[in-house]
Amino acid sequence: MDLASNTAHGMVSAHKPQGLARWLFATNHKDIGSMYLWFAFCMFLVGGVLALCIRAELFSPGLQFFQPELFNQLTTLHGLIMVFGAIMPAFTGLANWMLPLMIGAPDMAFARMNNWSFWLLPPAMTLLLLSFIVPGGAAAAGWTLYAPLSVQLGMGMDLTIFAIHILGISSIMGAINIVVTIINLRAPGMRMMNMPMFAWASLITAYLIIAVMPVLAGAVTMVLADRHFGSHFFNAAGGGDPVLYQHVFWFFGHPEVYIMALPAFGIVSQVIPTFARKPLFGYSSMVYATSSIGVLSFMVWAHHMFVTGMPATAQLFFMYATMLIAVPTGVKVFNWIATMWQGSMSFETPMLFAIGFILLFTIGGLSGVTLSVAAVDVQLHGSYYVVAHFHYVLVAGALFSLFSAVYYWFPKMTGRMYVERLGQLHFWWSLLWFNVTFFPMHFLGLAGMPRRIPDYALQFTDFNRIASIGAFMFGLGQLIFLVNILYSLRHGKTAPQQPWEGANTLEWQIPTPAPYHSFNPPPQLETAENGVVLSMRDSGQA
Amino acid sequence: MSCLRLCGISAIWFVLHSTAVQGETAAFNLQAPATSLARLEYDLHSMLLWVTGLIFLLVSGVMLFAIVRHRKSRAYRARTFHENTTVEIIWTVIPLLILLAIAWPATRAVLSQKSTHGEDMTIRITGYQWKWRYDYLDDNFGFVSHLSTPRTGTAAGAALPEHYLLEVDEPLVLPTGRKVRLLLTANDVIHSWWVPQLGVKQDAIPGFLRDAWFMVDKPGIYRGQCSELCGKDHGFMPIVVDARSPEDYARWRDARLKQAATAADDPAKAWTLAALRQRGETVYSQNCLPCHQASGKGIPGNFPALDGSPVVNGDKAAHLRIVFFGSQRNPAMQAWGKQLSDTDIAAVITYERNAWGNHSGQVIQPAEIHALRGSSG
């Protein structure tokens, strides 16, 4: 099992291109993965600054900093940047970095396409950010870009549509790469039903991306045609229907929610067993649960549209289908807890973030059940309750899992340990201020505050104050993470090959830091569920 | 300990919920219901809160127990079990049963929300950027309802009125104890009509009619807001429903009908510049100001300036046409011919041509608008 002397396994650190060309023409999955992660973090900061602008304006009733038209641009771009610029690229980056190491592949299947899927991101995000300074400003129709409002807006909307097309192409290419890598490049002995959960989650996510990104492209293209080419997809006077946009958008939008959640499930399913020193409970039911969440995600889109005036039968269908998602999601949560049960747990930073994830994601899931009940959704739809709900799922869900992953794999990626005390501080700080920010939003929504408003009635003042203070503190806390990473990259303690006692998947069987080229040729493996490596030997073809 | 803290928070939440005063502005819960629908939603939400809350306490309790007991620092030795079919079936089936139990009352609530038949009266609600129009279809009159609290734009600390952003010039007056059917539509983009205490939220979709209903229990003022992002002033188009006893309502309606009969303007009347300009200023501030601004400078890039505009200072006919028919190029400029009377349009155009730096001295008489309306069929 211990394979410290590893040149026999195709571990080569030489032949590393240098300078700008290394990044511009990158085809190495580790380099591309790193670029994805840094890019996502930069976008996380940009999106975060937009969020803080929103919270600054909402600190008091009255308009203090931003006029309503700019405020709407801030909320729209905050959403778009966080979804398409931060969370999705971060997961793709992690998949790039870790998948080949976890399944014993020499690299991603299409190395040059991989390069292109990354390098499409900066121009797309530049377009989005540039739209702030064009006449009329950025798109201001919310990240959902509902027609006919999005048909009304200025040229910032056209830039956004173009950016979404580019981002879609990038995501689809990234997803194709993940699918092909997982299906074709697993090392001998790594059976599908033995793959690490992170690989399963990435695989199902990639299929979702391939299925729904073209749908989004279709939706925004129809908006573009209505704006400039005289079509009437969303104009009743020309035989169109504004609600059509919502159906098409949410057919993309709901699977998109799981595109941001499933990889998080995968990460947590790696981290919890490691720090509980116990195998993942119910591996195969985890695979089935994840798959059924993926399938169900295509059948629930209209629960975002309960107040558009659907017939009762449609309301009931989408209500039942949505409630049903709670079952596989519940199975996952129970399995994680059963993994922790009677384990021998220690609480390093990755484990803390994973536990924080389970706890807060459960709150988000349960408020999701509340929202799924169509009759109650009539009160909560379009209110701050929804804002609270999806931030519990996306910040405490996706973001916390990403932090967990970065701390978990940081030693393998860089060869150095992060500073544990700073990591712990980052966790507790984030956990506290996250809840201070978003928990009061449940109350705001229940009390009747609509979302996406720049100014509010006086009875909403107190909770908005609390939320704004929480948001600024939460934002500040992310600098702890940045400092920790920057410091540890240079001065962190040298990491051993296996920094975590309970880690037994393939990536921990190779030297630390992971050599520039790994598993070329692939090893002969004997594996157990969830990617646990039982034995590994050289395939002898080198 | 994260769990402890969160359990604490949720415990506080439950206590506050169970003891929540059903006042007009509930801080921690849905607003006090004033219709049977709202009560249905309120009770359903309370039930869900208990169910989900208990599940959360259970799940986090088990996890907390494991975190405290099964830790390496206590030298707890990890077991190796990793599956148990019985347990897995149990925790798949039990959530299913819970969901079935929830689905039953949830289905009944949806069906009663949707039963809009058997109404006593019908109101048509039209959403505009950014105001509501209410038409009493049975009595054939209607009016537009605008935000009436001042728009601050100033720093915090300025004294704001009690119902800041939740007050309108013309509330929707309705009788209690009558089943009111709403027909909703919109003029430009999608809006959503939401009054929490009445238990109604329904999108108003341009080009389509949607319906909803409610019956108010007791007289009172019920406030709400647009809840679908509809552009710049989405946050500034409140809804106020003034529910009165059937007798008070009948009195109000009769007065309203009488007023409508006498107040109708004679389109043939010739107006003076000063009188039209004065009326035009009011029409302007209710309809044009959100985009073109009080200063007439507009918002560069979004909404054009009227002060010094070539249209406003140029040919009268072009100015008339864009106000009456709206702009082809910029859909945000609506066709005001459908919304305003001849006199109001004449007044507002006269105002625009004689306000700020515009000094044409021209007077546009209602008869000219009347002629335009006639020619456009």
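Definitions and limits used
- Residues numbered from 1 in each chain as written.
- Chains lettered and ligands numbered in written order.
- Predicted model: local features only at pLDDT ≥ 70, side-chain atom pairs only at ≥ 80, totals over all residues.
- Helix = DSSP H or I, 4+ residues; strand = E, 2+ residues; numbered from the N terminus.
- Rg over C-alpha atoms; globule rule 2.2 N^0.38 Å.
- Buried ≥ 20, exposed ≤ 12 C-beta atoms within 10 Å, placed from the backbone.
- Contact = placed C-beta atoms within 7 Å.
- Pairing = 2+ DSSP bridges.
- Axes fitted to C-alpha atoms, helices over the stretch in contact; angles between N-to-C directions.
- Expected span 1.5 Å × (residues − 1).
- Bend = angle between axes of the 7 residues up to and from the residue.
- Parallel < 35°, antiparallel > 145°, perpendicular 65-115°, else oblique.
- Left-handed = near helix turned anticlockwise from the far one by under 90°.
- Nonpolar A, V, L, I, M, F, W, Y, C, P; charged D, E, K, R; others polar.
- pLDDT = per-residue confidence, 0-100.
- Core = buried A, V, L, I, M, F, W, Y, C linked by C-beta atoms within 7 Å.
- Domains from an automatic or database assignment.

Draft legend 1. Structural view of the overall build of chain B. Along the backbone of chain B there are 10 helices and 10 strands. Taking 2.2 N^0.38 as the reference for a compact globule, 377 residues should give roughly 21 Å; the C-alpha atoms of chain B span a radius of gyration of 28 Å, well beyond that estimate. Across its three principal directions, the C-alpha atoms of chain B cover 95 × 50 × 40 Å. For chain B, with 377 residues in total, the buried portion stands at 37%. Across chain B, contacts joining residues at least 24 apart in sequence account for 63% of those joining residues at least 6 apart.

Draft legend 2. Focus on the sheet that holds strand S8 (residues 210-214) of chain B. Residue and element names in this part refer to chain B. Strand order in this open sheet of 5 strands is S3-S2-S1-S5-S8, and the pairing throughout is mixed. The two strands at the open ends of the sheet, each matched to only one other strand, are strand S3 (141-145) and S8. Between one strand axis and the next, the sheet turns through 25° on average, direction left out of account. Alignment of strand S1 (residues 121-128) against strand S5 (residues 180-186), held across 7 bridges, turns out to be parallel. Bridge assignment links Ile125 to a residue of S5, and that residue is Leu184.

Draft legend 3. Structural view of the pairing of S1(B). All names here are of chain B. Of the pairings in the sheet, the one linking S1 to strand S2 (residues 131-136) comprises 6 bridges and is antiparallel in character. For Ile125, the partnering residue across the bridge sits in S2 and is Tyr134. Taken together, S1 and the strand that follows it, S2, pair antiparallel across an intervening segment of 2 residues.

Draft legend 4. Structural detail: the sheet that holds strand S4 (residues 172-175) of chain B. All names here are of chain B. Read across the sheet, 5 strands follow the order S4-S10-S9-S6-S7 without closing on themselves; strand pairing throughout is mixed. In this open sheet, the two edge strands, each paired with only one partner strand, are S4 and strand S7 (200-204). Taken over all neighbouring pairs, the strand axes of this sheet differ in orientation by 25° on average, direction set aside. Both S4 and strand S10 (residues 238-244) contribute to a ladder of 4 bridges, which runs parallel. Across the sheet, residue Val173 finds its bridge partner in S10, namely Asp242. In this fold helix H4 (residues 246-263) packs onto S4 and S10, with an angle of close to 135° to the strand it touches most, S4.

Draft legend 5. Quick look at helix H11 (residues 283-296) of chain A. Its 14 residues give H11(A) an end-to-end C-alpha distance of 20 Å, which sits within 8% of 20 Å, the value for a rise of 1.5 Å per residue. Within the span of H11(A), buried status applies to Tyr283(A), Ser285(A), Met286(A), Val287(A), Ala289(A), Thr290(A), Ile293(A) and Gly294(A). Along its buried surface, H11(A) packs onto helix H8 (197-228), helix H9 (242-259), helix H10 (262-276) and helix H12 (312-340) of chain A together with helix H3 (85-114) of chain B.

Draft legend 6. Focus on the environment of Ser231(A). Residue placement: Ser231(A) occurs in the loop between H8 and H9. Excluding its chain neighbours within four sequence positions, the residues that come into contact with Ser231(A) are Ala225(A) and Asp226(A).

Draft legend 7. The arrangement of the pairing of S5(B) in detail. Residue and element names in this part refer to chain B. Covered by surrounding structure in S5 are Val180, Leu182, Leu184 and Ala186 only, the residues Arg181, Leu183 and Thr185 on the alternate face being uncovered. Pairing between S5 and S8: 5 bridges, direction antiparallel. Note on S8: the bridge partner recorded for Arg181 is Trp213.

Draft legend 8. The arrangement of the interface of chain B and chain A in detail. Between chain B and chain A, the contact holds 89 residues from the first and 89 residues from the second. If you list the elements that add at least two residues to the side of chain B that touches chain A, you get helix H1 (2-18), helix H2 (36-69), H3, S7 and strand S9 (220-226) of chain B. No other element matches the 15 residues that H3(B) contributes to the side of chain B that touches chain A.

Draft legend 9. Structural detail: helix H16 (residues 420-446) of chain A. All names here are of chain A. In this model H16 runs 39 Å from its N-terminal to its C-terminal C-alpha over 27 residues, within 8% of the 39 Å that 1.5 Å per residue would give. Largest kink in H16: about 25°, centred on Val436, with the proline Pro440 one to four residues after it. The first or second residue beyond H16 is Gly448, which carries a positive phi of 110°.

Draft legend 10. Quick peek at the packing of H8(A) against H9(A). All names here are of chain A. H9 packs onto H8 with a crossing angle of 155° between their chain directions and a minimal axis gap of 9 Å. Judged by the inter-axis angle, H8 sits roughly antiparallel to H9. Along this stretch, H8 crosses H9, giving a crossing that reads as left-handed. Contacts between H8 and H9 involve Thr205, Leu208, Ile209, Ala211, Val212, Val215, Leu216, Gly218 and Ala219 from the first element and Tyr245, Val248, Phe249, Phe251, Phe252, Pro255, Glu256, Tyr258 and Ile259 from the second. Here the contact of H8 with H9 is composed, by residue class, of 15 nonpolar, 2 polar and 1 charged.

Draft legend 11. Examining the confidence of the model for chain A more closely. Looking at chain A as a whole, the pLDDT averages 94, with 96% of positions reaching at least 70. The low-confidence segment residues 1-6 of chain A, where pLDDT is below 50, has 9 contacts with residues more than four positions distant or belonging to other chains.

Draft legend 12. Structural context of the confidence of the model for chain B. All names here are of chain B. Per-residue pLDDT for chain B averages 87, and the proportion of residues at 70 or more is 91%. Predicted confidence for residues 18-24 stays below pLDDT 50, and this span has 8 contacts to residues more than four positions away or in other chains. Taken together, the chains of this predicted complex give a pTM of 0.90 and an interface ipTM of 0.91.

Draft legend 13. The environment of Pro17(A), seen in detail. Residues and elements named next belong to chain A. Within the secondary structure, Pro17 sits in the segment before helix H1 (19-24). Among the residues examined, Pro17 registers 15 C-beta atoms within 10 Å and is labelled partly exposed. For the pair Pro17 and Asn28, spaced 11 residues apart in the sequence, the C-alpha separation amounts to 10.0 Å.

Draft legend 14. Quick look at unusual backbone geometry. In this model, Thr512(A) is joined to Pro513(A) through a cis peptide bond whose omega is -5°. Going from Asn520(A) to Pro521(A), the amide bond is cis rather than trans, its omega being 5°. The residue Pro521(A) is located in the loop between helix H17 (461-491) and strand S1 (524-527) in this model. Even without being a glycine, Gln342(A) presents a positive backbone phi close to 55°. Overall, the presence of 18 C-beta atoms within 10 Å leaves Gln342(A) in the partly exposed class. Positive phi, close to 60°, is recorded for Ala75(B), a residue that is not glycine. With respect to the element layout, Ala75(B) can be found in the loop between H2 and H3. The exposed category is assigned to Ala75(B), around which 7 C-beta atoms lie within 10 Å.

Draft legend 15. A look at the nonpolar core. Membership of the largest hydrophobic core comes to 261 residues, with the highest contact counts inside it found for Ile87(A), Ile103(A), Val268(A), Phe357(A), Ile358(A) and Ala375(A). Residue contributions to this core peak at 22 residues, all from helix H15 (residues 384-414) of chain A. Viewed by domain, this core spans two of them, domain 1 (2-114) and domain 2 (121-149 + 163-263) of chain B, each represented by three or more residues. If we skip the residues at most four places from it in the chain, Val268(A) touches Trp336(A), Ala354(A), Phe357(A), Ile358(A), Ser401(A) and Ser404(A). Trp271(B), Leu276(B), Tyr284(B) and Ile349(B) belong to the second-largest nonpolar core, a separate cluster that totals 18 residues.

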